[in-house]
Amino acid sequence: MSAVSADLAEDEERWRLALEVAGEGVWDWNLHSGQIYRSPLWGEMLGYSSEDSTGLKWGELLHPDDREEAHHRLSACLSGASPDFAAEFRLLCKNGEYRWVASRGRVVARDASGRPGRMVGVYRDIHEAHSLMDALQASERLWQFALEGHGDALWDWTLESGVINVSQTFRAIIGLPADRPLRGNDIWPARLHPDDVRGAVAAFSAHLVGVRSITEVEFRLRTEEGAYRWVALRGKIMERDRNSKPLRMIGTVRDVHDHYLSVEREMRQQQELARAARLIHVGEMASALAHELNQPLTALRNFSAVALRRLDELGASGDGIREPLQLIAEQALRAGEIVHRVRGFVRRDSLLTAPITINDVINDVVRFMEFEARAHAVQWQLALAEPSLQVQGDQLQLEQVLSNLAKNAIDAMSEIEGERLLQVATRLGPDGMVEMAVSDSGGGLADTVRDDPFAPFVTTKPDGVGLGLAICRTIIENHGGRMWVEKSTRRGTTFCLSLPQPAG
Amino acid sequence: MNRPLVCVVDDDDAVRLSIGLLVETLGFPVRCYRGAVDFLNDGEALERAHCLVLDVRMPGLSGVGLQDRLGRIGQRLPIIFVSAHGDVPMVARVMREGAFDFLQKPFNEQVLLDRINEAVQVAAQRRQEGARWTEIQGRLDGLTARERDVMDGMVAGRLNKQIAEGLGISIKTVEQHRARVMEKLQVESLAELVRLVIEARYHAD
């Protein structure tokens with residue numbers, strides 16, 4: 001090495017040290033050999049030891065979002081299109097986080113054809129400054145967001161502590177005095193309508209985990225007077241920590257109570273209309289069904305009658321078959337009568353009532369449902385008032401109601417492990433009406449039907465149409481009685497009905 | 001002589017077959033038809049049928065329409081209507097038009113069989129009477145004009161002398177005609193003759 005070059009090297013070393021002391025690293029890149037020198041500061045900045053840092057490649061550490069811009073600027077400098085290289089970018093640290101770095105450089109040697117031979121530059125850790133910038137921008141976005149919701153009430157919520165600050169407009173909506181301080185969770189969940197909690201949580205979560213770019217939800221908030229008001233909320237995360245965990249949400253709230261009520265009323269009216277339309281269809285359906293069912297029932301009755309007559313020709317040898325065949329023939333006629341009555345019921349024909357012994361109705365139903373009960377291991381338990389109470393009614397329709405209730409009870413117990421009890425009890429009610437209770441030991445009414453188990457076309461049965469209980473209740477009401485659910489717990493359900501006694 | 005034929009018209013295959021089998025248990029021959037027109041096209045059945053079991057509502061010509069057609073061709077066959085839709089105005093109409101009965105489906109088959117039996121008897125009686133009147137009409141037609149005049153006088157309760165004077169013939173001749181009338185009409189007494197002639201006139205009306 002010559003003295004001149006040694007001097008030069010000494011000079012370079014001096015500048016490098018000076019720069020490093022000032023907090024800037026230097027880099028020196030030989031484009032012919034591809035070798036690059038970097039100050040030890042480089043590795044330290046990114047969290048590597050000096051041995052680790054030697055093999056690191058700048059291009060591989062670049063944040064994907066910054067890569068294109070940085071390479072573009074570097075190429076512009078190398079080609080001579082731009083005299084200097086200057087860029088800010090994020091580099092991957094050893095701990096997996098990215099750090100903002102600013103770099104500047106210049107081509108210091110080119111060959112005769114202008115190809116770059118050597119490039120030198122400095123770099124600086126600008127991470128802290130950049131974070132400050134981010135915060136500033138976030139605050140700017142915050143105000144933009146708030147201004148977007150012009151006229152709306154504002155809120156500012158710190159997630160960790162739950163502390164919430166709300167604007168005066170917000171306080172006015174819920175009647176909160178201006179000077180009352182708010183503690184954590186004071187607005188939500190504390191003031192949320194219990195029915196709306198689930199929807200609100202879902203809307204916030206969807207935004208917090210990133211599924212939605214914004215929280216947007218309507219719910220009811222309790223006012224100071226204890227009433228609930230519908231509000232529409234919009235909100236957005238405005239601060240996150242380094243691991244992008246949300247820290248703070250800001251948003252607006254608008255009072256939509258009056259608007260919501262009118263929409264709700266409209267919706268309810270529409271539902272009522274739809275229900276009425278379905279009920280009208282019931283009439284048509286029952287009429288069509290009556291015809292379609294009566295044909296096969298006629299054939300069924302006739303064929304069994306023919307079989308019975310042929311059996312008579314066989315003499316005593318056919319005796320074991322005669323009785324079940326007779327039952328088939330009877331049931332065909334009974335089914336025909338039911339179809340006829342259902343049709344009569346939807347046509348609002350007048351009821352044919354007579355004094356009826358209620359125990360006869362019950363015993364009849366028990367008899368013809370004996371087989372079904374036994375098939376499902378269900379025990380009948382009768383607690384009937386003796387001597388039997390009398391009601392004014394239509395025996396066939398009352399049998400239909402009771403067999404429907406019994407059928408439901410048997411179905412309700414088809415899944416349970418314990419004892420399967422189907423209880424039927426009668427008593428004289430305090431108002432002089434005869435009351436009948438049908439209880440099962442099943443798991444209680446399903447949530448979907450619990451609110452109104454009598455609503456038509458609502459059913460839990462996969463093949464059901466949801467008319468059974470609706471028809472039962474109408475039959476009982478046509479009798480001048482009532483029908484209701486006495487209890488429904490996880491240990492069983494009790495349906496009750498009342499019927500008038502014969503007059504006089 | 002042929003046994004009384006029962007006909008069944010119903011568009012529902014199972015119902016038609018089951019009614020057919022039922023009627024067979026009564027020992028009557030049965031013919032079943034899917035539609036009203038098929039029945040109308042069976043001339044032999046129209047001739048021989050003693051009872052028609054008829055569905056009301058069918059595609060094509062309805063049961064009520066068939067009843068109307070039969071009435072217009074003078075076929076007074078007893079009809080038992082069966083229907084899955086019995087509404088009051090329809091029942092009233094077919095009964096007014098002379099239906100033998102109306103049964104709501106499904107029905108107690110014994111009621112149907114009883115009514116078929118009754119209908120067959122009524123039809124047989126009508127046929128018998130019809131045949132009898134045809135025969136009596138033949139006897140009446142065998143009388144000469146003078147014999148008929150004498151018979152009219154007898155039925156009107158006139159004495160031989162009055163009849164002879166009225167017709168300008170001798171009493172003896174009246175007596176001869178009178179004996180011929182009794183013989184031709186196959187009656188033994190004046191009372192029997194009067195009843196026969198009055199009934200024949202009534203039936204002819």
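Above this text is the structure in question.
About the criteria used
- Residues numbered from 1 in each chain as written.
- Chains lettered and ligands numbered in written order.
- Predicted model: local features only at pLDDT ≥ 70, side-chain atom pairs only at ≥ 80, totals over all residues.
- Helix = DSSP H or I, 4+ residues; strand = E, 2+ residues; numbered from the N terminus.
- Buried ≥ 20, exposed ≤ 12 C-beta atoms within 10 Å, placed from the backbone.
- Contact = placed C-beta atoms within 7 Å.
- Expected span 1.5 Å × (residues − 1).
- Arc of directions from axis to C-beta.
- Axes fitted to C-alpha atoms, helices over the stretch in contact; angles between N-to-C directions.
- Parallel < 35°, antiparallel > 145°, perpendicular 65-115°, else oblique.
- Nonpolar A, V, L, I, M, F, W, Y, C, P; charged D, E, K, R; others polar.
- Pairing = 2+ DSSP bridges.
- Core = buried A, V, L, I, M, F, W, Y, C linked by C-beta atoms within 7 Å.

**Some details on the overall build of chain A**
Okay, so step 1: In terms of helices and strands, chain A carries 15 helices and 17 strands.
Okay, so step 2: Counting every position in chain A, which comprises 504 residues, the buried fraction comes to 24%.
Okay, so step 3: A sequence separation of at least 24 residues applies to 55% of the contacts in chain A between residues at least 6 apart.

**Considering the overall build of chain B**
Okay, so step 1: When helices and strands are tallied, chain B shows 10 helices and 5 strands.
Okay, so step 2: Classification of the 205 residues of chain B by burial places 30% in the buried group.
Okay, so step 3: Looking at chain B alone, contacts between residues at least 24 apart form 64% of all its contacts between residues at least 6 apart.

**Quick word on helix α8 (residues 197–208) of chain A**
Residues and elements named next belong to chain A.
Okay, so step 1: An ideal rise of 1.5 Å per residue puts 16 Å on 12 residues; α8 measures up with 16 Å between its terminal C-alpha atoms.
Okay, so step 2: For α8, the full list of buried residues reads A200, A203, F204 and H207. One face of α8 carries all of its buried residues, which in axial projection span an arc of 95°. Along α8, exposed side chains directed more than 90 degrees from the buried face belong to R198, A202 and S205.

**Some thoughts on the packing of helix α7 (residues 145–155) of chain B against helix α9 (residues 171–184) of chain B**
All names here are of chain B.
Okay, so step 1: Where α7 meets α9, the axes come as close as 9 Å, and the angle between the chain directions of the two elements is 90°. By the criterion of interaxial angle, the relationship of α7 to α9 is roughly perpendicular. The segment α7 lies against α9, with R146, E147, V150, M151 and M154 engaging V174, H177, R178, R180 and V181.
Okay, so step 2: Among the residues forming the contact of α7 with α9, the class breakdown is 5 nonpolar, 1 polar and 4 charged.

**A few points about the sheet that holds strand β3 (residues 49–55) of chain B**
Paired through backbone hydrogen bonds, the strands of a sheet run either parallel or antiparallel to each other.
Residues and elements named next belong to chain B.
Okay, so step 1: Judged by pairing direction, the sheet is parallel, and its 5 strands sit side by side in the order β2-β1-β3-β4-β5 without closing on themselves. Of all strands in the sheet, those with a lone pairing partner are β2 (30–33) and β5 (101–104), marking the two edges. Across the sheet, the mean angle separating the axes of adjacent strands is 20° when strand polarity is ignored.
Okay, so step 2: The pairing of strand β4 (residues 79–83) with β5 spans 4 bridges and is parallel. Each bridged residue has a counterpart across the sheet, and for V82 the counterpart in β5 is L103.
Okay, so step 3: Taken strand by strand, helix α6 (residues 109–141) contacts β1 (5–9), β3, β4 and β5, and its axis lies near 140° from that of β3.

**Here's the deal with α7 of chain B**
All names here are of chain B.
Okay, so step 1: Among the residues making up α7, those that are buried are V150, M151, G153 and M154. Considered in projection along α7, the buried side chains sweep an arc of 160° and stay on one side of the axis.
Okay, so step 2: The positive-phi residue at the C-terminal boundary of α7 is G157, with phi of around 85°.

**Some thoughts on the packing of helix α8 (residues 160–167) of chain B against α9 of chain B**
Residues and elements named next belong to chain B.
Okay, so step 1: Viewed as axis vectors pointing N to C, α8 and α9 meet at an angle of 105°, and their least axial separation amounts to 8 Å. When the axis of α8 is compared with that of α9, the two are roughly perpendicular. Two secondary-structure elements touch here, α8 through N160, K161, I163 and A164 and α9 through I171, V174 and E175.
Okay, so step 2: When grouped by side-chain class, the residues that make up the contact of α8 with α9 number 4 nonpolar, 1 polar and 2 charged.

**So, the interface of chain A and chain B**
It is common to give the size of an interface as the accessible area that goes away when the parts come together.
Okay, so step 1: Contacts between the two partners involve 17 residues from chain A and, on the opposite side, 14 residues from chain B.
Okay, so step 2: Breaking the side of chain A that touches chain B down by element, the ones donating at least two residues are α9 (257–314) and α10 (319–346) of chain A.

**Considering the pairing of strand β1 (residues 25–30) of chain A**
Residue and element names in this part refer to chain A.
Okay, so step 1: The sheet contact formed by β1 and strand β5 (residues 116–125) spans 6 bridges and is antiparallel. Within β5, the residue paired with G25 across the bridge is Y123.
Okay, so step 2: Sheet topology note: the β1/strand β2 (residues 36–38) ladder contains 3 bridges and is antiparallel. Residue pairing in the sheet places W27 in a bridge with R38 of β2.
Okay, so step 3: Counted along the chain from β1 to the antiparallel partner β2, the turn is 5 residues long, and its residue G34 has a positive phi close to 85°.

**Digging into the nonpolar core**
Okay, so step 1: Membership of the largest hydrophobic core comes to 50 residues, with the highest contact counts inside it found for C51 and I80 of chain B.
Okay, so step 2: Broken down by element, this core gets its largest block of residues, 8 residues, from α9 of chain A.
Okay, so step 3: In this structure, I80 of chain B is in contact with C51, V53, L54, F100, D101, L103, L112, R115, I116 and A119 of chain B, ignoring residues within four places of it in sequence.
Okay, so step 4: Core analysis: the second largest hydrophobic core is formed by 31 residues, I356, L389, M413 and V424 of chain A among them.

**Observations concerning unusual backbone geometry**
Okay, so step 1: The omega angle of the peptide bond from E386 of chain A to P387 of chain A is -5°, so this bond is cis rather than trans.
Okay, so step 2: Tracing the backbone shows P387 of chain A in the loop between β12 (379–383) and β13 (390–393).
Okay, so step 3: Note that the residue after K105 of chain B, namely P106 of chain B, is joined by a cis bond; omega there is -10°.
Okay, so step 4: For P106 of chain B, the position within the fold is in the loop between β5 and α6.
Okay, so step 5: One non-glycine residue, S244 of chain A, lies in positive phi territory at about 60°.
Okay, so step 6: Inspection of the secondary structure puts S244 of chain A in the loop between β9 (228–240) and β10 (246–255).
Okay, so step 7: Judged by local crowding, S244 of chain A falls into the exposed class, with 9 C-beta atoms found within 10 Å.
Okay, so step 8: Of note in this structure, Q186 of chain B is not a glycine but carries a positive phi near 55°.
Okay, so step 9: Considering the arrangement of structural elements, one finds Q186 of chain B in the loop between α9 and α10 (190–204).

**Let's talk about the sheet that holds strand β8 (residues 215–222) of chain A**
Residue and element names in this part refer to chain A.
Okay, so step 1: Taking strand neighbours across the sheet as the criterion, the 5 strands line up as β7-β6-β10-β9-β8 in an open arrangement whose pairing is antiparallel. Bordering the open sheet on either side are β7 (164–166) and β8, each of which pairs with just one other strand. Recorded for the sheet is a direction-independent mean angle of 25° between the axes of neighbouring strands.
Okay, so step 2: In terms of strand pairing, strand β6 (residues 153–158) meets β7 through 3 bridges, oriented antiparallel. Looking across to β7, one finds that W155 is bridged to V166.
Okay, so step 3: Across the sheet, α8 is in contact with β8, β9 and β10; its angle to β8 comes to roughly 150°.

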